[in-house]
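Report on the structure
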Amino acid sequence: MGLDNVNPTVYSVPKDAYGQSARSRLWRMSQNSDLSDTETETQAQTEAIDAGEVFDLIRNINDPEHPLTLEQLHVAQLRHITVDHENSRISVVFTPTIPHCSMATLIGLCIRVQLLRCLPARFKVDINVEEGTHQSEKSVNKQLNDKERVAAAMENSHLVEVVNQCLATTIDKIAAY
Amino acid sequence: MDTESAHNAAEQLRNGSVSVLSLLATAPMSEALASSDPFERARATAFLSSVLSDGDAAWLRSDKADKNTVSVLMDFYSSRLHDQTSVADLLHGILALLASPVVTRNSAISLARAMFSELNNQNFAQNVIVTAAARLSDASSCRIHDLLSRPGNAAMKYLGDNFIAGFLVAMDGEKDPRNILISFGIIHTIIQNFNIDKKFEDIFESIYCYFPITFRPPPNDPYGITSADLKVQLRRCFAASPLFGPLAWPILLEKLTSTSDNAKLDAMETISACAAVYGGDSIGRHVEQLWELLHEESLDSKTATQRDAALKAMRCIVYALSTSAATASTSSRDHLTQFLTFVTKHAQTDLVDATLPQEAIRRIVNAAAKATEPSFYYLATHLVKSLLDVAKRSSAVSVENQCEVLGCLTDFVATSKSFYGSSVDMDIDSLPQNPLTAFKADLFQIFQTSLSSKSERIAIASLNGLFELAHAKEFLSTLELEWYFETLLGMSINENAAVRGVVVSLLVKEVSSEAADSNHVQTVISTIIPQLLDACALKDGAEDVILNAFEAVVELSADKKVFGTVVPALIKFLEESNDARLVRHSISALRIILTEQPDYISEFSYYESLIVPVLRVLLTRSIAGSYICENGAYVESLGQVYAAIMRLLDSRSQEKVAHLVVNALYRGKWVDSRPMEPISPVPIDARSNLRLLATVFSSVICNMRTDAVLLDVDPRALVNFLVQTLIDQSSASRVPDVYMNSLCQAVASILNKSDAKFVSTFTADHEYLFKLVENESASNSDTYRVAVIVLLWTTRATVMKSPTAAELQKVSRIVDLLQRQDSIVASKFYLLAADDPSFGKHVLTKTAFAKTGLLWKQKLFKHCLPVLVERFSGAHSSIRNNYLLALSHLMKYIAKSIILYEIQTLIPLLLAGLSSDNAELNLTILEITETLLKESPAALGAHLESFTTVLLHLVGGIEAGASKSSVTSSGVKASASADVRVLSLKCLGIIPKTELPFNELYVLKPRVIRGLQVALDDEKKSVRKEAGNARAKWYLLLGKK
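Residues numbered from 1 in each chain as written. Chains lettered and ligands numbered in written order. Predicted model: local features only at pLDDT ≥ 70, side-chain atom pairs only at ≥ 80, totals over all residues. Heavy atoms only, no water.

1. Here we look at the overall build of chain B
Of regular secondary structure, chain B possesses 51 helices and 0 strands. Put simply, chain B has 1041 residues, and 55% of those count as buried. For chain B, the accessible surface area stands at approximately 43400 Å², while carbon and sulfur atoms represent 52% of it. (Helix = DSSP H or I, 4+ residues; strand = E, 2+ residues; numbered from the N terminus. Buried < 20%, exposed > 50% of the residue type's maximum accessible area, 1.4 Å probe, protein only. Areas by Shrake-Rupley, 256 points an atom, 1.4 Å probe, with all protein chains shown as cover.)

Now the structure itself:
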């Protein structure tokens, strides 16, 4: 079977969340060492789930076609994730690399499964294709947000295997950021 | 006729008591050789061959084996080659004979003839391939060919085509990798030494059938021949003669269209190796196809290796075409132009068309331009102008495209240096005119304007371009260079982190690269560094700007020349400045520079320029009560600087430094020739401003070599003074931790490095301290705390040095202290066993020259374990944790193999520790559990369920739906500290990845996945992430297919 998108654009990924070298941060830390009180303050604080945390869960999912991550292909981007604590909703929008990408549903399913596994159950997660980036946007969205269909897909052993393969690359990278 | 008799016979041959002909003439031998039974003959032959090859054919190599005898033997062996049963043994003997220096030309020729005519390798191989003997002989046969065809063997040249033909038949259809490898070597020798004009097609045919190599060595291959070995040898054969060119190109092109990446890679690598040999003329008509295939490969290849191979192949083709063109071959010139036209055409369209990855075409252009001067000239004259036009229309082009265009221009400038000289090269008239000179002004202008672009990527690309321009020969005027350095300086302070990083790395390259231009180095050292230091010292500068300047200074100090300028300047800031911020930053910078570049210190006048002035500053500022010396972190930084210097010095130099520091801080006496005015030093004291200087004091003492002594100071008196000072001061007020730890470390180091007599005099002090601790009723008194810490440090020092029964007795008395309600002894128990009890400060470690006894840790552990286990089981619940904590500290630092030996005793204790509500205990045991799970999960295998249960307790997920703060059935409080939760989750995440049996892990899967749900909604981000990771791992626990 030929690939849908033979030659996708690969984007560079920043080294870490701040785009700084580790050395540079070490230096800054040593400069601020006398401000150690802030440390104890944060200990008591509650840190709410934010878009960055959700992005960390999905950024390293592998593309089903290429040995590249969704982040490298800009399929998943931080700016396309929103977290609404009031209504306990999370929305993830992803961008297929080409409008006729037959893998869009599979990519969406991978995101769905990963978030089912790694996010608290109290959130309702909406996963949608970015508007105007896919030919069958509506049907893909419908499939991805239909509990029954997702459950049915996860009963297909072949599909589960492919999804697990794509998710295997996230292991030990989630907590690395 | 066994090995021993063969060896004896060979011995006799060597000492001359028997001649080989008389050996052959003996009755059993001559009869056996002439026997009608083929196996009898083979046995006799084997014996003779063993005699000849004994001791690496020592007899044949010696001058005792004369020409005639060797000839007779050679003829005998050659004539017998038809005897199939004996072939293996015959070849074995021939191999030995060929080692003789006196083999005549005639015997060699007749041997070769006999081998090609009599010995049909193939039939022979088919007959007996399964037996080991056959394999041996087969390999020998190839080795014999190898020996025969060695360069200079005129005899084989005499055979010429016949030898080649014979050999080709012999190797035809060969499958054994060992033989193939040798055959390739022989073919290469033949091509190099024989006239192959008539036979090259046959030779090519015999090697091309092996191309591309798809050999996969069998598992546990004893010969270790890899597919890479074969590939390299085959490629050597392909590249051995230009005659192969016309035959090889179609095959190589065909392999380039193959669907196998491996075949394509091999083809491209072979093209790289052969293009120059085959020459431009042979490439001729394939130019277009080669371009198409390699271009596609460099764009689409999935791996960098594949892509780089394609680029290298292109470069080699251009090189071959250029070289042929230079030798006045018109057709090659046309073909070169044709190839380069393809490159230019694609570059012109692709670099403007934003839908394609322009990086790829940039690489192609660079590969082709790098090949030769003519190719560079052609591409530069045809492409640079249009690239400049694209760059000028920056608004109409995407950022990515703009970057690639600038990158491409940078590549051109960089490559031009190798053909037309760089700024450091001498003026050589013979160098041709650089075609880029015509675009000099434009290039500078483009890079200059793009530097101010909003996009950080474009700015970085322009910086790289400017760097190359500054290094190309006669490109930038003095004014332009001045502007370049000023810009770098400005950007190194003011830009954002990414751009600044690039600017600083360029500056580092300017000073420290091997081919650095001395003018540039001079500019950086005499202009940039002083200006950066000025920026560091700006009084009203913004914090960020000042930090950037410091950061640049630190990075640049990696170069020795800069180091020599920067370190004195920073010390001057320390000495003279009243600006607290500047002093603080200077200390941090000094610490980083000196600890990262300790090698430079020895060539630097460290004593006069660093040790003395820094101590003077510290004393002056401390006595004056300066802010800097109020902050332990800064004084400690300087202590670390002293420690780093001490570790590098020899004993005598260490004594000199110690003399200065110990006199100043212990006696209050300044011993340097330059007087210390207006303040005179006083001894360090817990209450005075000088207390923090104790870290400097201990840094120096702790890093002394064992043979370095404290000049003019009695170590016994010093130790007494330090211990007594600590105890006395603790009765008055709480002794600061830094002060106490530093003095304890100094005492421990002196004890550890002194002789046994000295240690025995300390026993009385030990007794005094024990009494003090045992009689101290209030555990919260400071004297108790100080005495315990001193005891732990000193016991550690002596046990580590010699773990004798008497010393270990002291440890038992410390264990006795664990029965008190407080947990000071338990929490500090690590001081006894940790590899580095001071956590990175180099106290009592090998790097700090500590003395260590043989297996001291094992002895300590063996001594403590039974006592601790017994006391634990008999202890009241309120103090049980003390024993567990002490034990966990020991376990953490002991070799895993020793823990595994005692694992059955330890597992219940580990589980008890994990179930405790003491966070410190939880953490230490979790660390041990983590290591055990990673390194030897099988040890915990039988108790996996219990471990999983307690770990889930710790993360609050023991039962699905249980709230986090609930107290579970076994009394474990579920809300442990965030660190404990994170570490527990890490351990839980390791379990599914261990190699424990799948059935044991799988039963736990539903419970763990359910249990982890609570942690997914933890209030701490780090816990949630670890929980997500662990849960994802458990979901992926699916077993082998």
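Now that the structure has been shown, we can carry on.
2. What to know about the overall build of chain A
What chain A contains, in helices and strands, is 7 helices and 3 strands. Along the chain direction, N to C, the helices and strands of chain A fall in the order α-α-α-β-β-α-β-α-α-α. Across the 177 residues in chain A, those meeting the buried criterion constitute 44%. Partitioning the intrachain contacts of chain A with sequence separation of at least 6 by distance along the chain shows that 68% fall at a separation of at least 24. Surface summary for chain A: the accessible area is close to 9600 Å², and the carbon and sulfur share equals 52%. (Contact = heavy atoms within 4.5 Å.)

3. Concerning the packing of aromatic side chains
How two aromatic rings sit relative to each other is set out by the distance from centre to centre and by the angle between their planes. All names here are of chain B. Tallied over the full model, the rule gives 16 aromatic pairs over all chains. Aromatic side chains F376 and Y420 sit 5.7 Å apart centroid to centroid with 50° between the ring planes, which places their arrangement in the tilted category. Here the residue F376 occupies a position in helix α21 (residues 373-392), and Y420 occupies one in helix α22 (residues 399-420), the gap between them amounting to 44 residues. One exposure class covers both F376 and Y420, and it is buried. Put simply, the rings of F376, F412, F419 and Y420 touch in pairs and so form one group of aromatic residues. A cation over a ring is seen here: K656 above Y607, with NZ or CZ 4.2 Å from the ring centre. We note R880 situated over the ring of F872; from NZ or CZ to the ring centre the distance is 4.6 Å. (Phe/Tyr/Trp six-rings, centres within 6.5 Å; stacked < 30°, edge-to-face > 60°. Lys NZ or Arg CZ within 6 Å of the ring centre and 35° of its normal.)

4. As for unusual backbone geometry
Note: most residues except glycine have negative phi, and most peptide bonds are trans. Here the phi dihedral of S88 of chain A falls at roughly 50°; this positive angle occurs in a residue that is not glycine. Using a relative accessible area of 19% as the deciding quantity, one classes S88 of chain A as buried. One non-glycine residue with positive phi stands out, namely D712 of chain B, at about 60°. Along the chain, the position of D712 of chain B falls in the loop between α34 (694-702) and α35 (715-732). Taking relative accessible area as the criterion, D712 of chain B reaches 57% and is therefore assigned exposed.

5. A few points about the confidence of the model for chain B
Residues and elements named next belong to chain B. Scored by pLDDT, chain B has a mean of 82; 89% of the residues are at 70 or more. Under a pLDDT of 50 for its full length, residues 122-140 has, in the predicted model, 23 contacts with residues more than four places off or in other chains. This stretch, residues 959-974, has a pLDDT under 50; its non-local contacts, to residues over four places away or in other chains, come to 21 contacts. (pLDDT = per-residue confidence, 0-100.)

6. Focus on helix α50 (residues 1005-1016) of chain B
The terminal C-alpha atoms of α50 of chain B, which comprises 12 residues, lie 16 Å apart, in line with the 16 Å expected from a rise of 1.5 Å per residue. Buried residues of α50 of chain B: K1005, V1008, I1009, G1011, L1012, V1014, A1015 and L1016 of chain B, and no others. (Expected span 1.5 Å × (residues − 1).)

7. Topic: the pairing of strand β1 (residues 76-84) of chain A
All names here are of chain A. Pairing of β1 with strand β2 (residues 89-94), which is carried by 5 bridges, proceeds in the antiparallel orientation. By the bridge assignment, I81 is partnered in β2 with V92. Hairpin connection from β1 to β2: 4 residues lie between these consecutive antiparallel strands, with S88 at a positive phi of about 50°. (Pairing = 2+ DSSP bridges.)

8. As for a negative patch on the surface
On the surface, E288, E292, E296 and D300 of chain B cluster together into a negatively charged patch. Inspection of the secondary structure puts E292 of chain B in helix α17 (residues 287-300). (Patch = residues over 30% accessible without salt bridge, like charges linked within 9 Å, V, L, I, M, F, W, Y side chains within 5 Å. Salt bridge = Lys/Arg side-chain N within 4 Å of Asp/Glu carboxyl O. Lys, Arg positive; Asp, Glu negative; His and termini not counted. Charge placed at Lys NZ, Arg CZ, Asp CG, Glu CD.)

9. Overview of the sheet that holds strand β3 (residues 124-129) of chain A
All names here are of chain A. Spatially, 3 strands are ordered β1-β2-β3 in an open sheet, and the strand pairing comes out mixed. This sheet does not close on itself; its edge strands, each paired only once, are β1 and β3. The mean inter-strand angle of the sheet, taken between neighbouring strand axes irrespective of direction, is 20°. Helix-sheet contacts for helix α3 (residues 51-58) involve β1 and β2, and the interaxial angle to β1 is about 130°. (Axes fitted to C-alpha atoms, helices over the stretch in contact; angles between N-to-C directions.)

10. With respect to the packing of helix α20 (residues 358-371) of chain B against α21 of chain B
Residues and elements named next belong to chain B. For the pair α20 and α21, the least separation of the axes is 6 Å and the interaxial angle reads 135°. For the element pair α20 / α21, the angle class is oblique. On α21, the residues that touch V365, A368, A369 and A371 of α20 are S375, F376, L379 and L383. Considered class by class, the residues forming the contact of α20 with α21 number 7 nonpolar, 1 polar and no charged. (Parallel < 35°, antiparallel > 145°, perpendicular 65-115°, else oblique. Nonpolar A, V, L, I, M, F, W, Y, C, P; charged D, E, K, R; others polar.)

11. So, helix α14 (residues 227-238) of chain B
Because an α-helix packs 3.6 residues into every turn, residues spaced three or four apart end up facing the same way. Residues and elements named next belong to chain B. Between the first and last C-alpha of α14 there are 16 Å, a value that for 12 residues agrees with the 16 Å anticipated at 1.5 Å per step. If you check which residues of α14 are buried, you get S227, L230, K231, L234, R235, C237 and F238. For α14, the angular spread of buried residues about the axis comes to 155°, placing them on one side. For α14, the elements touching its buried residues are α12 (177-193), α13 (200-208), α15 (245-256) and α16 (261-283). (Arc of directions from axis to C-beta.)

12. Comments concerning the nonpolar core
Nonpolar side chains tend toward joint burial in soluble globular proteins. Grouped together as the largest cluster of nonpolar side chains are 312 residues, with contacts concentrated most on F412, F697 and L860 of chain B. In terms of residue count, the dominant contributor to this core is helix α38 (residues 782-801) of chain B (12 residues). Excluding its chain neighbours within four sequence positions, the residues that come into contact with F412 of chain B are V365, A369, F376, L379, A380, L383, V384, L387 and L436 of chain B. Grouped together as the second largest cluster of nonpolar side chains are 44 residues, V54, F94, V150 and A153 of chain A included. (Core = buried A, V, L, I, M, F, W, Y, C linked by side-chain atoms within 4.5 Å.)

13. Points about the packing of α35 of chain B against α38 of chain B
To characterise two packed helices, one gives the angle between the axes of the helices and the distance between these axes. Residues and elements named next belong to chain B. Viewed as axis vectors pointing N to C, α35 and α38 meet at an angle of 160°, and their least axial separation amounts to 8 Å. Here α35 is positioned roughly antiparallel relative to α38, judged by the angle of their axes. Of the two possible hands of crossing, α35 and α38 adopt the one that is right-handed. Between α35 and α38, the residues in contact are V723, L726, I727, S730 and S731 and D782, T783, V786, A787 and V790, respectively. Taken together, the residues of the contact of α35 with α38 sort by class into 6 nonpolar, 3 polar and 1 charged. (Left-handed = near helix turned anticlockwise from the far one by under 90°.)

14. Thoughts on the pattern of salt bridges
Summed over the entire model, instances satisfying the criterion amount to 41 salt bridges over all chains. When the shortest N-O distance is used, the salt bridge between E40 of chain B and R43 of chain B registers 2.7 Å. Taken together, the positions of E40 of chain B and R43 of chain B, both in helix α4 (residues 38-61) and 3 residues apart, correspond to about one turn of that helix. Salt bridges linked by common partners bring D56, R59 and E71 of chain A together with K1025 of chain B together as one network.

15. Notes on the side chain of E297 of chain B
All names here are of chain B. Mapped onto the fold, E297 is located in helix α17. What makes E297 buried here is its relative accessible area of 9%. Reaching out from E297, the side chain makes a polar contact with the side chain of K264 at a distance of 3.3 Å. In contact with E297, other than residues within four places in its own chain, are K264, M268, Q306 and A310. (Polar contact = N/O pair within 3.5 Å; in protein donor to acceptor, adjacent residues only side chain to side chain.)

16. Some thoughts on the environment of S227 of chain B
Residues and elements named next belong to chain B. Inspection of the secondary structure puts S227 in helix α14. Taking the C-alpha atoms as reference points, S227 and F215, separated by 12 residues in sequence, lie 5.3 Å from one another. Here S227 is in contact with I213 and F215, once residues within four sequence places are set aside.

17. With respect to the pairing of β3 of chain A
Residue and element names in this part refer to chain A. Taken together, the 6 bridges between β2 and β3 define a ladder with parallel strand orientation. Each bridged residue has a counterpart across the sheet, and for V92 the counterpart in β3 is I127. Of the crossover connections in this fold, the one passing from β2 over helix α4 (residues 104-118) to the parallel β3 is right-handed. (Right-handed = clockwise from strand over helix to strand, strands pointing away.)

18. Description of the environment of L582 of chain B
Residue and element names in this part refer to chain B. Tracing the chain through its elements places L582 in helix α30 (residues 580-596). For L582, a relative accessible area of 5% translates into the label buried. Each C-alpha atom, one on L582 and one on L547, is 9.9 Å from the other, the two residues being 35 residues apart in sequence. For L582, the residues in contact, after removing those within four places along its chain, are C536, A537, F550, F573 and S577.

19. Details of the confidence of the model for chain A
Residues and elements named next belong to chain A. When pLDDT is averaged along chain A, the result is 81, and 75% of the positions lie at 70 or above. Below pLDDT 50 for its whole length, residues 16-22 participates in 4 contacts with residues either more than four positions away or in separate chains. Of the regions scoring below 50 in pLDDT, residues 31-42 engages in 10 contacts with residues more than four places distant in sequence or in other chains.

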